[in-house]
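Breakdown of the fold
What follows is the residue order along each chain.
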Amino acid sequence: MTVNRVGLVVHGGRAEAVAAARAVRAWCAEHAVGCADIDVWQEGARHSAREEMDSAGDPDLVVTLGGDGTFLRGARLAAENDALVLGVDLGRVGFLTEVPATAVRAALDAVREERIDVESRMLLTLRASCRLEVPAQMEALLRYGRGPMLPPPRVRTECEVGGDWGVALNVTALNDVVVEKLARDRQVSVAVYLAGRLLACYSADALLVATPTGSTAYSFAAGGPVVSPRAEGLVFTPVAPHMVFNRSVVAAPDEPVALRVLERSGQAAVSIDGQLRGVLSPGDWIGVYAAPRRLKAVRLGPTDFYGRLRERMNLTDAPAALADGQAAPLWPVRTPPPEDLAHLALPPGPG
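What you see is a predicted model, and the numbers here were worked out from it, not measured in a lab.

**Some thoughts on the environment of Asp 54**
- Mapped onto the elements of the fold, Asp 54 is located in helix 2 (residues 49-55).
- Residues Asp 54 and Asn 81, 27 residues apart in the sequence, show an inter-C-alpha distance of 9.4 Å.

**Here we look at the UniProt feature "binding site: NAD(+)" (unreviewed entry) in the protein**
- UniProt tags Asp 68, Gly 69, Arg 73, Asn 175, Asp 176, Arg 186, Asp 205, Ala 240 and Gln 275 as "binding site: NAD(+)" (unreviewed entry). With the annotated positions falling across 208 residues, the maximum pairwise C-alpha distance of 31.0 Å shows that they are not confined to a single cluster.
- Examined against the element boundaries, Asp 205 turns out to sit in the loop between strand 12 (197-204) and strand 13 (206-210).
- Excluding anything up to four places from it in sequence, Asp 205 contacts Glu 180, Lys 181, Gln 187, Val 188, Val 239 and Ala 240.

**Details of the UniProt feature "active site" (unreviewed entry) in the protein**
- Within this numbering scheme, the UniProt entry marks Asp 68 as carrying the feature "active site" (unreviewed entry).
- Residue placement: Asp 68 occurs in helix 3 (residues 68-81).
- For Asp 68, a relative accessible area of 22% translates into the label partly exposed.

**Examining the environment of Ala 221**
- With respect to the helices and strands, the residue Ala 221 is situated in helix 6 (residues 218-221).
- Expressed as a C-alpha distance, the spacing of Ala 221 and Val 239, which sit 18 residues apart in the sequence, is 9.1 Å.

Criteria and cut-off values
Residues numbered from 1 in each chain as written. Predicted model: local features only at pLDDT ≥ 70, side-chain atom pairs only at ≥ 80, totals over all residues. Heavy atoms only, no water. Helix = DSSP H or I, 4+ residues; strand = E, 2+ residues; numbered from the N terminus. UniProt positions renumbered as here; feature names shortened; annotations may be inferred. Contact = heavy atoms within 4.5 Å. Buried < 20%, exposed > 50% of the residue type's maximum accessible area, 1.4 Å probe, protein only.

Spelled out as structure tokens, the structure:
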């Protein structure tokens, strides 16, 4: 594909990310491709994805240099512009990035020469009973020296709003949307609706809705299922609920999940991909559903998600399973699949 402009999202606190960014800029200069740094704190303020992409000259490829957190920032920007996103892996335990820093130039060549796969990933978006805002005093408390927070989500003006359907927010999540308690000594009380029907009222530390991509993030830490990123669905997971039913529920992609803060609850924070974006008061609600747009992630070949799961989670085999001394082969199939199985997604044989 023709790459006219590259946007860089760099983890500036890591020397290897800064070095990889220099390699990307050098490649762009050699191929007469524009290049701009984006998602930076300019003039002491954070900007919306639209403002950041406009200031970067609307890149058609976003390259992230860091771990999964850096990739999430790049995904937020790429989704706004329907651009491709290429994640260069400089993290430790993540699942989202795949290109090693040493191969960044080869990866850019592959994009330019169309030797890539484009993986479509589900995104989440929101409607809410009110616009999301973060109180000024809370923003000051939560900076932790990292710089300003993201601005409140804008309203999508092209959507019908008001009444029972609330305000359409111009925001997307690749991993998850979380409603969580603000005070350590008080759980948040929330009514959860799936596909318009009341599931249950929870008192919990948090309640989250994740994409299949985000199933290996906060949802997994809270006991949720691991879901293939190629699957379609919304994963609802309660975090430390004060009730017997503590299971996750996987909804169909066209089944929205709504969370209403109950009158007896305290205020609740709303985080989107780990970023605090607003506070809900008792009576407020948000509806989480599959976004009409998709993330377009660059892959240089088939993604070995389950191999990465085994590696990242340090999975070991049960001693009883190895009682005979024979370890299971990594690739149990060494011959091409028969015709009736040719449509299945299987790894290539060894060698």
